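Structural characterization, general
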Amino acid sequence: MYEELKYWYLRDHKLFKTLSLGQIKELCIITGFKKANKGEIIYFSSSDVPRIFLLKKGNIKIVSVDEDGNENIKDIIQKGDLFGELTLEADEQINEYAKVLSDDVVICSFLMSDFENLLLRNPALALSYTKFVGLKMKSIKNSYSNLISKDARTRMIQFLKEWAEKEGVKLGNSVRIENYLTQNDIAQIICTSRQTATQLINELETNQILVYNRKEIFIQDITKL
């Protein structure tokens, strides 16, 4: 059963579209398959066995830890995203972990060494992977640039717009977003204090732009955000 699931998960992913049926089946042999629950930690950068992960269902946050032990959300991983040792180099200076945000997730993973060998034998896959990682790094760089050049309110609004665009259910100009983030998570993502994030959300509610609760965020008119 798991082998069939792995096959269809991998065959459906745009990264592996260039592979033949036989190559996909070969990939399934070296692929780990895992289901995880909300709150579970599934990856540490300090692991002795480096892996690359592919998220097929749910949402995950990547949390970085600085030298003083302070934690900050580095990225939100969504369906189809890769995470882990994406550069194919284990960096001992990076201290981060991945934690499940949604009720359940489905993950495929590869040992970094196995994946490297697969890339060496499949130039088309290697090219697709290089482009995939390049776009990922560009996105992170753009997010960082936005953080240092805009005020907290602008960052909050931009974050909500991007979240609505990626995962919101739209009906006319209104959008409903399944809320799997705490206000503290949102504060970390936009690099501000929890108090400021709460204040900004309250202001948006007071102005009747959105309705916020633990289960969902309802944006009444996305054009007014």
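Residues numbered from 1 in each chain as written. Predicted model: local features only at pLDDT ≥ 70, side-chain atom pairs only at ≥ 80, totals over all residues. Heavy atoms only, no water.

1. Comments concerning the packing of aromatic side chains
Considering all chains together, one arrives at eight aromatic pairs under this definition. Ring geometry for Y43 versus F53: centroids 5.5 Å apart, planes at 65°, classification edge-to-face. Note that Y43 is positioned in strand β2 (residues 41-44) and F53 in strand β3 (residues 51-57), a separation of ten residues in sequence. Consider the rings of F44 and Y97, whose centres lie 6.1 Å apart with planes at 45°: the pair is tilted. Of this pair, F44 sits in strand β2 while Y97 sits in strand β7 (residues 96-100), and the two are 53 residues apart along the sequence. (Phe/Tyr/Trp six-rings, centres within 6.5 Å; stacked < 30°, edge-to-face > 60°. Helix = DSSP H or I, 4+ residues; strand = E, 2+ residues; numbered from the N terminus.)

2. Remarks on the pairing of β3
Sheet faces and side chains relate simply in a regular strand, where the side chains alternate between the two faces. The buried fraction of β3 amounts to five of the seven residues, a majority that puts the element mostly inside the structure. Across six bridges, β3 lies against strand β8 (residues 104-111) in antiparallel orientation. Along β8, the bridge assignment pairs R51 with L111. The pairing of β3 with strand β6 (residues 82-84) spans three bridges and is classified as antiparallel. By the bridge assignment, I52 is partnered in β6 with G84. (Buried < 20%, exposed > 50% of the residue type's maximum accessible area, 1.4 Å probe, protein only. Pairing = 2+ DSSP bridges.)

3. Here we look at the pattern of salt bridges
This model, assessed by the stated rule, comprises six salt bridges. Between E40 and K34 there is a salt bridge; the shortest N-O distance is 3.1 Å. By relative accessible area, which is 36% here, K34 ends up partly exposed. Linking D104 and K57 is a salt bridge whose minimum nitrogen-to-oxygen distance equals 3.0 Å. Of the two residues, D104 sits in strand β8 while K57 sits in strand β3, which places them 47 residues apart along the sequence. Relative accessible area serves as the criterion here: at 33%, D104 is assigned to the partly exposed category. K57 sits in the partly exposed class, given a relative accessible area of 42%. (Salt bridge = Lys/Arg side-chain N within 4 Å of Asp/Glu carboxyl O.)

4. As for the sheet that holds β6
The antiparallel open sheet is built from four strands, whose spatial order is β1-β8-β3-β6. Every interior strand has two partners, whereas the edge strands, β1 (31-37) and β6, have only one. Here the strands of the sheet are splayed against their neighbours by 30° on average, with no regard to which way each runs. Where helix α2 (residues 21-30) meets the sheet, its contacts fall on β1 and β8, and the angle it forms with β1 comes to roughly 60°. On the sheet, helix α3 (residues 112-121) packs against β3 and β8 and is oriented at approximately 65° with respect to β8. (Axes fitted to C-alpha atoms, helices over the stretch in contact; angles between N-to-C directions. Contact = heavy atoms within 4.5 Å.)

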